[in-house]
Amino acid sequence: MTTVMMFQDFEPEPQATRRNADDSESSRASRGWWNRNADEYQTEHGAFLGDDRFVWGPEGLDETEAGLLGPAGSLKGLDVLEIGAGAAQCSRWLAAQGARPVALDLSHRQLQHALRIGGEVPLVEADAGALPFRDGSFDLACSAYGAVPFVADPVKVFREVRRVLRPGGRWIFSVTHPIRWAFPDEPGPEGLSVAASYFDRTPYVEQDDEGGTLYVEHHRTLGDRVRDVVAGGFRLVDLVEPEWPAWNSQEWGGWSPLRGHLIPGTAIFVCERD
């Protein structure tokens, strides 16, 4: 997955490349990118995401129908950590089910949008690789396209999630489907032909003219993701690949009805703490 950044007219377009980027560089880039682009993101996608809806990805799979966290009635009274919460839309849905969510995000500006929308959900600004919570603080943890695609060391994040979960706790996260990295990030027919090696794990990086890092996204194969889950101390319960629904006519970056009916765009990993 790639993301095109929007700059003011006098600023040059970012340079896209593939090169290594470590954990600290990736974290700094993500914080800066989301702080700069949160306003545009919420303006463009806020209506689709809703204020208190739990959507797993651009296909529009809704937790109300999917039940990946468990039956809605079973969420009442549970402590839930949402990682990469953005404007905390998913956390508000969880609160409406009677859960006690905490919404965590790296971006201060994203959390300001959470404050703008309102609600009683606690907001925490922190890095997913260093969660500021005591061991065994939560019953569930979830992330809809948050944090995981943007970190160089996902096992570090998973181990942190495992640490703050209680025994038997569930960890569910969605990411760009790994197969999509072999295709151009285009919603039309040009996005249906393989253009790169699926096995090339080199990160996608956007940088400025001086080589400063603006955006980083990391590729892991499907097998890598499974091994990372196990190395993080979890058992993989399910792997969900949402099909594109007939009602969804939107394009979201490289996601589109054309591509969505032919190749998967999202992978959702349902994991349990051993």
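Right above here is the structure, for reference.
Rules and cut-offs
Residues numbered from 1 in each chain as written. Predicted model: local features only at pLDDT ≥ 70, side-chain atom pairs only at ≥ 80, totals over all residues. Heavy atoms only, no water. Helix = DSSP H or I, 4+ residues; strand = E, 2+ residues; numbered from the N terminus. Rg over C-alpha atoms; globule rule 2.2 N^0.38 Å. Buried < 20%, exposed > 50% of the residue type's maximum accessible area, 1.4 Å probe, protein only. Contact = heavy atoms within 4.5 Å. Lys, Arg positive; Asp, Glu negative; His and termini not counted. Charge placed at Lys NZ, Arg CZ, Asp CG, Glu CD. Expected span 1.5 Å × (residues − 1). Axes fitted to C-alpha atoms, helices over the stretch in contact; angles between N-to-C directions. Nonpolar A, V, L, I, M, F, W, Y, C, P; charged D, E, K, R; others polar. Salt bridge = Lys/Arg side-chain N within 4 Å of Asp/Glu carboxyl O. Pairing = 2+ DSSP bridges. Core = buried A, V, L, I, M, F, W, Y, C linked by side-chain atoms within 4.5 Å. 1 Å grid on protein atoms, 1.4 Å probe; cavity = no way out; pocket = protein on both sides within 12 Å on 5 of 7 lines; lining within 4 Å. Points joined across faces, edges and corners; volume = space filled by probe spheres on them.

Draft legend 1. Just the overall build of the chain, in detail. Across its full length, the chain carries 7 helices and 10 strands. A globule of 274 residues ought to have a C-alpha radius of gyration of about 19 Å, and the chain, at 18 Å, matches this closely. Dimensions along the principal axes, computed over C-alpha positions, put the chain at roughly 50 × 35 × 35 Å. Across the 274 residues of the chain, 53% fall into the buried class. For the chain, the share of sequence-separated contacts (at least 6 apart) that also reach a separation of at least 24 residues comes to 71%. Each charge class in the chain was averaged separately, 26 positive and 42 negative side chains, and the resulting centres sit 8 Å apart.

Draft legend 2. Region of interest: unusual backbone geometry. With a phi angle near 65 degrees, Ala 88 is a residue other than glycine that sits in the positive phi range. Relative to the elements of secondary structure, Ala 88 occurs in the loop between β2 (79–83) and α3 (89–96). Judged by its relative accessible area of 1%, Ala 88 is buried. Despite not being glycine, Tyr 145 has its phi angle at roughly 60 degrees, a positive value. Examined against the element boundaries, Tyr 145 turns out to sit in the loop between β5 (138–144) and α5 (154–164).

Draft legend 3. Main features of helix α1 (residues 23–49). Spanning 27 residues, α1 covers only 29 Å between terminal C-alpha atoms, well under the ideal 39 Å at 1.5 Å per step. Backbone geometry just after α1 places Gly 50 at a positive phi near 75 degrees.

Draft legend 4. Structural context of the packing of α1 against helix α4 (residues 108–117). Contact geometry for α1 and α4: axes closest at 7 Å, N-to-C directions at 35 degrees. Facing Trp 34, Asn 35, Ala 38, Asp 39, Tyr 41 and Gln 42 of α1, the residues of α4 in contact are His 108, Arg 109, Gln 110, His 113 and Arg 116. Looking at the contact of α1 with α4, its residues break down into 3 nonpolar, 5 polar and 3 charged.

Draft legend 5. Geometry of the pattern of salt bridges. Going through the model one piece at a time under the given rule, you end up with 16 salt bridges. For Asp 135, the salt bridge identified is with Arg 163, shortest N-O distance 2.8 Å. Highlighted residues: Asp 135 in the loop between β4 (123–125) and β5 and Arg 163 in helix α5, separated in sequence by 28 residues. The salt bridge partner of Arg 227 is Asp 224, with a shortest N-O separation of 3.1 Å. Within this pair, Arg 227 and its partner Asp 224 are both found in helix α6 (residues 222–231), separated by 3 residues, close to a single helical turn.

Draft legend 6. Looking closely at the pairing of strand β10 (residues 266–273). With 8 of its 8 residues buried, β10 lies for the most part within the structure. Taken together, the 7 bridges between strand β6 (residues 165–176) and β10 define a ladder with antiparallel strand orientation. Bridge assignment links Phe 173 to a residue of β10, and that residue is Phe 269. Sheet topology places strand β9 (residues 234–240) next to β10; 6 bridges connect them, and they run antiparallel. Pairing of Arg 235 across the sheet is with Glu 272, part of β10.

Draft legend 7. Inspection of the nonpolar core at higher detail. Counting residues in hydrophobic clusters, the biggest one holds 27 residues, and the most contacted among them are Leu 81, Ile 83, Phe 133, Val 161, Trp 171 and Phe 173. In this view, Phe 173 contacts Trp 56, Ser 143, Val 148, Phe 158, Val 229, Ala 267, Ile 268, Phe 269 and Cys 271; residues no more than four positions away in its chain are not counted.

Draft legend 8. Empty space enclosed by the protein, seen in detail. Overall, the coordinates contain 1 cavity of 30 Å³ or more when judged by the stated rule. In this structure, the largest cavity encloses a volume near 50 Å³. Here the residues of the lining of the largest cavity are counted per class, giving 4 nonpolar, 3 polar and 3 charged.

Draft legend 9. Fine view of the sheet that holds strand β1 (residues 15–18). Strand order in the open sheet formed by 3 strands is β1-β7-β8, with antiparallel pairing between adjacent strands. Edge positions in the sheet fall to β1 and β8 (213–217), since each has one partner strand and no second. Put simply, the sheet's adjacent strands are angled 20 degrees from each other on average, direction ignored. Contacts from α1 reach β7 (204–207) and β8, with the element oriented near 105 degrees to β8.

Draft legend 10. Spatial organisation of α3. By the criterion of burial, α3 is predominantly enclosed, with 6 of the 8 residues buried. Each element contacted by the buried residues of α3 is listed here: α1, α2 (63–66), β2, β3 (100–105), α4 and β5. Following α3 by one or two positions, Gly 98 adopts a phi angle in the positive range, close to 95 degrees.

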